[in-house]
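# A look at the structure
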Amino acid sequence: MGVSHRGRGRSPRVTSGGDDWWKHPVWRWHLICKAGVSEFRSAIGGEAVNRLGRIIRSVQAFGRELSGRPGESIAPQTTPGIGLALGGGFARGIAHVGVLKVLEEENIPISYVAGTSVGALIGAAYCSGVPVPELEQIAARVRFKHFARWTLSRFGFASNQRMIGFLNSVLKVKTFEELRIPLAVTATDFSTGEGAVFHSGPLVDPVRASCAYPGMFLPVKIRGRLLVDGMLAHAVPSTPLREMGADRVLSVHLKSNWATSDGPRHLFDVIGQCFSIAQEMNCAVWKQASDLVIEPNVTGYKYDDFEHHAAMVRAGETATRAALPEIRKWLTLEPARAAMPRTTLPQSAPLPAD
């Protein structure tokens, strides 16, 4: 059977015979619009109409979600979307594992994660599906040599090229899109000083860039840009979490003191102490975007004190348990807060990275 049109608004004309005339899309549409659903059901069978009805209802529900119409089968939000901001700190970042351990034990749901430097590394591993006990095992065996190789360059003294193999062996997935929890990884454009925030694409190079501490590690080139440690633009990446949609932001800040009363041990202590001072003097932006700040006590641990992993995990646990009463208050989202428009926060030199 064939079908031809005889003019706008007129019924299609049958041009040949056959038992499958109803399968032609023009006749299907004609029967729905002109003859009505009941005739269409009798012509082609109830199951086809049921399938069509399910498709139509799905599209209608999707449209309601996009339009945000009140009162149309949209479940109210009962808990806030909690974002976890993990700051940098080299080996001291092992304290982040203790933070994650307590949050999991207490069933605190984390909807978003953002990481800077070692926070990006641990955040990427956790969001990829690495369980906390495995993170503890990795922290127990990792050393500086596993992701760094000494070199001589005008950009620094070490390359983190070895981190490629390390990350590939640790991460359960290869791209941001495959992560079980949405993740933001921060870096800093070496030429402009602007922040770069990665949300999509391959994971390894953004994490490497976020860990490229200036003066120590060589920059990482991504899409023609030389990128260095994200801590210069986002010492604690709370603002990216707000941009991702987090209702509450829990920030983990690893205060560090690179120099002791005896003075710096070497050039890296000098560089690190200078950056630490600058970060403390310019912490207003990320603190304003945070609802609660956790500061594990990692005082006295050096940037390469990986052998003290167990003590630093405990420091993260202790600080997080002290904050639990406040965090538990978030688990019932206040209707008034949910209805309030999101506050526009100061931006920290944004740079589209994705």
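This is a predicted model, so every value here is computed, not measured. (Residues numbered from 1 in each chain as written. Predicted model: local features only at pLDDT ≥ 70, side-chain atom pairs only at ≥ 80, totals over all residues. Heavy atoms only, no water.)

## Observations concerning the overall build of the protein chain
The number of helices and strands found in the protein chain is 13 helices and 13 strands. Split into buried and exposed, the 354 residues of the protein chain put 46% on the buried side. Taking the contacts inside the protein chain whose residues are at least 6 apart along the sequence as the reference set, 72% of them involve residues at least 24 apart. Put simply, the protein chain shows about 17,900 Å² of open surface, and 55% of that area lies on carbon and sulfur atoms. (Helix = DSSP H or I, 4+ residues; strand = E, 2+ residues; numbered from the N terminus. Buried < 20%, exposed > 50% of the residue type's maximum accessible area, 1.4 Å probe, protein only. Contact = heavy atoms within 4.5 Å. Areas by Shrake-Rupley, 256 points an atom, 1.4 Å probe, with all protein chains shown as cover.)

## A closer look at the environment of Ser290
Of note, Ser290 is situated in the loop between helix H11 (284-288) and strand E13 (292-294). Here Ser290 falls in the buried class, since its relative accessible area comes to 12%. Sequence-wise, Ser290 and Arg242 are 48 residues apart; in three dimensions their C-alpha atoms are separated by 8.9 Å. Not counting residues within four places of it along the chain, the set of residues in contact with Ser290 comprises Ser238, Arg242, Val249 and Ser251. For Ser290, the side chain forms a polar contact with the side chain of Ser251, separated by 2.6 Å. (Polar contact = N/O pair within 3.5 Å; in protein donor to acceptor, adjacent residues only side chain to side chain.)

## Thoughts on the packing of aromatic side chains
In this structure the tally under the stated criterion is 4 aromatic pairs. Ring centres of Phe144 and Trp150 lie 5.6 Å apart, and the angle between their planes is 35 degrees; this geometry places the pair in the tilted category. Relative accessible area serves as the criterion here: at 51%, Trp150 is assigned to the exposed category. When the ring of Phe155 is compared with that of Phe190, the centres are 6.3 Å apart and the planes differ by 80 degrees; the resulting orientation is edge-to-face. Linking Phe155 in the loop between strand E5 (149-153) and strand E6 (156-159) with Phe190 in the loop between strand E7 (183-189) and strand E8 (195-198), this pair joins segments that are 35 residues apart in sequence. According to the relative accessible area criterion, Phe155 is partly exposed, its value standing at 28%. One aromatic cluster in this structure is built from Phe144, Trp150 and Phe217. Sitting over the ring of Tyr126, Arg180 keeps its end group 4.7 Å from the ring centre. (Phe/Tyr/Trp six-rings, centres within 6.5 Å; stacked < 30°, edge-to-face > 60°. Lys NZ or Arg CZ within 6 Å of the ring centre and 35° of its normal.)

## Looking at the nonpolar core
Ranked by internal contacts, the top residues of the largest apolar core, which has 75 residues, are Leu84, Leu183 and Phe217. Not counting the four nearest positions on each side in its chain, Phe217 is found in contact with Phe90, Phe144, Phe147, Ala148, Phe155, Ala158, Ser159, Asn160, Cys211 and Ala212. (Core = buried A, V, L, I, M, F, W, Y, C linked by side-chain atoms within 4.5 Å.)

## Here's the deal with helix H4 (residues 95-105)
A large share of H4 lies buried, amounting to 8 of its 11 residues. Here H4 has its buried residues at Ala95, His96, Val97, Gly98, Val99, Leu100, Val102 and Leu103. As for H4, its buried residues are in contact with strand E3 (82-86), helix H5 (118-128), helix H6 (132-141), strand E12 (248-252) and helix H12 (309-328). With its phi angle positive at about 55 degrees, Asn107 sits one or two positions after the end of H4.

## A look at the sheet that holds E5
Taken together, 3 strands build an open sheet; the order of strands is E5-E6-E9 and the sheet is mixed. In this open sheet, the two edge strands, each paired with only one partner strand, are E5 and strand E9 (215-217). Within this sheet the neighbouring strands show an average axis-to-axis angle of 25 degrees, counted without direction. Two strands pair when backbone bridges link them, and E6 and E9 are joined in this way by 2 bridges, in the parallel orientation. Among the inter-strand pairings, Ala158 is bridged to a residue of E9, identified as Phe217. (Pairing = 2+ DSSP bridges. Axes fitted to C-alpha atoms, helices over the stretch in contact; angles between N-to-C directions.)

## Details of the pairing of E7
Among the 7 residues that make up E7, 7 are buried, leaving the element largely enclosed by the rest of the structure. The side-chain alternation of E7 yields two buried faces, one formed by Leu183, Val185, Ala187 and Asp189 and the other by Ala184, Thr186 and Thr188. Here 4 bridges tie E7 to E8, and the two strands are oriented antiparallel to one another. Of the residues in E8, the one forming a bridge with Ala187 is Ala196. Where E7 folds back onto E8 in an antiparallel hairpin, the turn is made up of 5 residues, including Gly193, whose phi is positive at roughly 80 degrees. Here E7 runs beside strand E11 (residues 225-229); their pairing, made up of 3 bridges, is antiparallel. When the sheet's bridge partners are listed, Ala187 is paired in E11 with Asp229.

## Looking at the packing of H4 against H6
Where H4 meets H6, the axes come as close as 10 Å, and the angle between the chain directions of the two elements is 165 degrees. In terms of their interaxial angle, H4 and H6 are classed as roughly antiparallel. The handedness of the crossing between H4 and H6 comes out as left-handed. Of the residues in H6, those touching H4 at Val97, Leu100, Lys101 and Glu104 are Val132, Leu135 and Glu136. In terms of residue class, the contact of H4 with H6 is made up of 4 nonpolar, no polar and 3 charged. (Parallel < 35°, antiparallel > 145°, perpendicular 65-115°, else oblique. Left-handed = near helix turned anticlockwise from the far one by under 90°. Nonpolar A, V, L, I, M, F, W, Y, C, P; charged D, E, K, R; others polar.)

## So, the confidence of the model for the protein chain
Across the protein chain, pLDDT averages 78, with 64% of residues at or above 70. Considering only residues more than four positions removed or in separate chains, one finds that residues 56-75, a stretch of pLDDT under 50, has 6 contacts. (pLDDT = per-residue confidence, 0-100.)

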